[in-house]
Amino acid sequence: MTEPKRRAMIVPPSMDHDPVEVTPENGTDFTLDEMQAAVGGRIEVVPIPKEGLCGGVYANAIVNEEGFLLNMETNGFISVVLGRPIVGSVLLILDGQIK
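This text gives an overview of the structure that appears in the document.

The rules behind each value
- Residues numbered from 1 in each chain as written.
- Predicted model: local features only at pLDDT ≥ 70, side-chain atom pairs only at ≥ 80, totals over all residues.
- Heavy atoms only, no water.
- Helix = DSSP H or I, 4+ residues; strand = E, 2+ residues; numbered from the N terminus.
- Buried < 20%, exposed > 50% of the residue type's maximum accessible area, 1.4 Å probe, protein only.
- Contact = heavy atoms within 4.5 Å.
- Polar contact = N/O pair within 3.5 Å; in protein donor to acceptor, adjacent residues only side chain to side chain.
- Core = buried A, V, L, I, M, F, W, Y, C linked by side-chain atoms within 4.5 Å.
- Salt bridge = Lys/Arg side-chain N within 4 Å of Asp/Glu carboxyl O.

### Description of the overall build of the protein
Across its full length, the protein carries two helices and five strands. For the protein, the sequential pattern of α-helices and β-strands runs β-β-α-β-β-α-β. Each of the 99 residues in the protein was classed as buried or not, and the buried ones make up 36%. Here the analysis covers contacts within the protein between residues at least 6 apart in sequence; of these, 50% occur between residues at least 24 apart.

This is the structure we're talking about:
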């Protein structure tokens, strides 16, 4: 039996565009090149803490590390979720989907 493909979501900064579901090329985890393509440059991994667990992480937000320097558009939805300013498109992935 083959393992089901693991999906992720690219959340654009503009509310005029819907999030896009993506699947890693190998079906299970994302390569550096895939993550960089999703956010348009160098990446920063921002852990999304699981509520109620001290330090437990269940997901990650992959953001453009240089987004502020590049004057990327604010991603209002993700900024609210993470409680800090985030710019550009964001790749939301499950913990363990980074290769």
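### Observations concerning the side chain of Asn-64
Following the sequence through the fold, Asn-64 ends up in strand β4 (residues 57-64). Among the polar contacts made by the side chain of Asn-64, one reaches the main-chain amide nitrogen of Glu-66 at a distance of 2.8 Å. Apart from residues no more than four positions distant in its own chain, Asn-64 is found in contact with Val-39, Gly-40, Gly-41, Arg-42, Leu-70 and Met-72.

### Describing the nonpolar core
With 11 residues, the main nonpolar core is built from Ala-8, Ile-10, Val-22, Phe-30, Met-35, Ala-38, Val-39, Ile-43, Ile-62, Leu-91 and Ile-93. Per-element accounting of this core gives the leading share, three residues, to helix α1 (residues 32-39). If we skip the residues at most four places from it in the chain, Met-35 touches Phe-30, Ile-43, Ile-62, Leu-91 and Ile-98. Val-11, Ala-59, Ala-61 and Ile-78 belong to the second largest nonpolar core, which has 10 residues in total.

### Topic: the pattern of salt bridges
Scanning all chains against the criterion turns up two salt bridges. Across the pair Arg-42 and Glu-65 runs a salt bridge whose closest N-O atoms are separated by 2.9 Å. Here Arg-42, found in the loop between α1 and β3 (43-49), pairs with Glu-65, found in the loop between β4 and α2 (76-82); they are 23 residues apart in sequence, far enough to count as distant. Accessibility expressed as a relative area gives 40% for Glu-65, which makes it partly exposed. The partner of Glu-44 in a salt bridge is Arg-84, and the shortest N-O contact between them spans 3.3 Å. Of this pair, Glu-44 sits in strand β3 while Arg-84 sits in the loop between α2 and β5 (90-94), and the two are 40 residues apart along the sequence.

What is shown is where atoms sit, not what they do.
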